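Here are the chains, one letter per residue:
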Amino acid sequence: MLKPNTRYNDLKDTYLFNTIYRKTNEYLKANPGKKVLGMGVGDVSLPLCKAVIQALHSAVDDQANATTFHGYMPESGDPALRKAIARYYKSIGAKVSENEVFVSSGACDDLGDILELFETDNTVLVIEPAYPEYVDTNVLAGRKIIHLAAGEENNFLPEPCEEARADILYICSPNNPTGAAFNRNELQAWVDFANEIGAVILFDAAYELFIEDKTIPHSIYELEGADTCAIEICSLSKTAGFTGTRLGYMVVPQDLIRGGMNLNEMWSRNRETRTNGVSYILQKGALAVFTPDGQKQIHDNLRVYKENASYFMEALDAAGIWYCGGENSPYIWMKCPGGMSGWEFFDYLLNEIQVVGIPGDGFGSCGKGYFRFSTFGNPEETKEAANRLCKLLKKE
Ligand code: PLP
């Protein structure tokens, strides 16, 4: 008799986004003509930059001609793209070789797939509030999860401690949802901890390009000892607008050895079995991101999102409300005013100023009483939403 994976029953349902959608629709039905400004979703609003679009078009044309046509691509990625990514790492002061870079269809895929390197009786550390995939993928595999609560007392950046002892340590910096980012010394402490206890860090750097502060590393490989304990997961989704185009990459260092096994070699072997590579066309588009034109153009787009963040930060600063993020991240994580819960604040914003964000409860229990704004929206609407918020909070 077939046995399904009954751990699917242990997953939290998609209550958060369904509830946001339902409440917003109910409000619009009851208040026709009102303009609701969606400031919750972490999806980009600007189109792909010109360099990428040109490369995509030209790659499509390549596929129309027998002499330039490409069939299956190498499982671990086009060597030219792997080389370009390794060069990018060099430019930020991190030593990564092209054989350590693996191209994928996005960070979400990598975060799930990489767990195939580890037995299910390993323990997992998730620093909360956290991107929900870290918990869900491990619930499905049946791993024991240790939830380490972060909070205002440590600016949502906890230090390693006895309770944090686990085999797999998730670190997301800059963080989704809090926008908080570890500086060099803080991250070095986690690297040292992982090496000391023989753990592996899964470092989610999906938002690295939003970093402004020079004391915050873009890559964990800027730190001493990271190549013997860390795997880095990256994505062009938020940095280059690839959420709907799909391309990510992961670094698995050649010096990362556990139990006598080389994780880089294991991952190469995994790719040979588990994928037939990423589309030639998309890899050509991704390659354009790493050209000087591509880099300039994606930074132009990032500046728009940064400006969006500044509108919210000014509103919250004016109201004297505690928040983190925004400066080095596209997310702003604020404390709900007047002791409101995340859902109370959600209803308050929807009813009073028709602005929608995300209650912090959706990212783990220590997110209660906090609220996340995304700065990926349309600039005009974001400015308007921040103005409405500013006026409302002044009335408080
Ligand atoms: N990691 C974090 C922290 C994210 O916030 C997201 C998407 O929102 C992802 C990974 C997934 O990114 P991708 O679009 O590359 O699958």
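Scoring rules and cut-offs
Chains are numbered independently. Their residues run from 1 in the order of the written sequence. Local features in a predicted model are, by the rule used here, given only for residues with pLDDT of at least 70; side-chain atom pairs are given and counted only at 80 or more, and totals for whole chains, interfaces and linings are based on all residues. With hydrogens and water set aside, each side-chain value is computed from the structure's full complement of heavy atoms. Think of a nonpolar core as a cluster: buried Ala, Val, Leu, Ile, Met, Phe, Trp, Tyr and Cys residues, connected wherever their side-chain atoms sit within 4.5 Å. Exposed residues in this analysis have more than 50% of their type's maximum accessible area, buried residues have under 20%, and partly exposed residues fall in between, with area computed by a 1.4 Å probe over protein chains only. Secondary structure follows DSSP: runs of H or I at least 4 residues long count as helices, runs of E at least 2 residues long count as strands, and numbering of each begins at the N terminus. All domain edges in this entry derive from an automatic or database-based domain assignment.

### Some thoughts on the nonpolar core
Grouped together as the largest cluster of nonpolar side chains are 104 residues, with contacts concentrated most on Trp190, Ile201, Ile220, Phe373 and Leu389. The element best represented in this core is helix 9 (residues 292-319), accounting for nine residues. Residues lining this core come from more than one domain, with at least three contributed by each of domain 1 (6-48 + 294-395) and domain 2 (51-290). Counting 26 residues, the second-largest nonpolar core is a separate cluster that includes Leu117, Val124, Leu202 and Ile233.

### Notes on unusual backbone geometry
Pro174 follows Ser173 through a cis peptide bond whose omega is -5 degrees. Within the secondary structure, Pro174 is located in the loop between strand 5 (168-172) and helix 6 (184-197). In this structure, the amide linkage connecting Asn176 to the following residue, Pro177, adopts the cis form with an omega of 20 degrees. With respect to the secondary-structure elements, Pro177 resides in the loop between strand 5 and helix 6. Non-glycine residue Asn155 carries a positive phi angle of around 50 degrees. Inspection of the secondary structure puts Asn155 in the loop between strand 4 (144-149) and strand 5. On the basis of relative accessibility, which here comes to 45%, the residue Asn155 falls in the partly exposed class. Of note, the phi angle at Gln354 is positive, near 55 degrees, even though the residue is not glycine. Within the fold, Gln354 resides in the loop between helix 10 (342-353) and strand 13 (355-356). Classification of Gln354 by relative accessible area gives buried; the value is 9%.

Read these as spatial facts, not as claims about activity.
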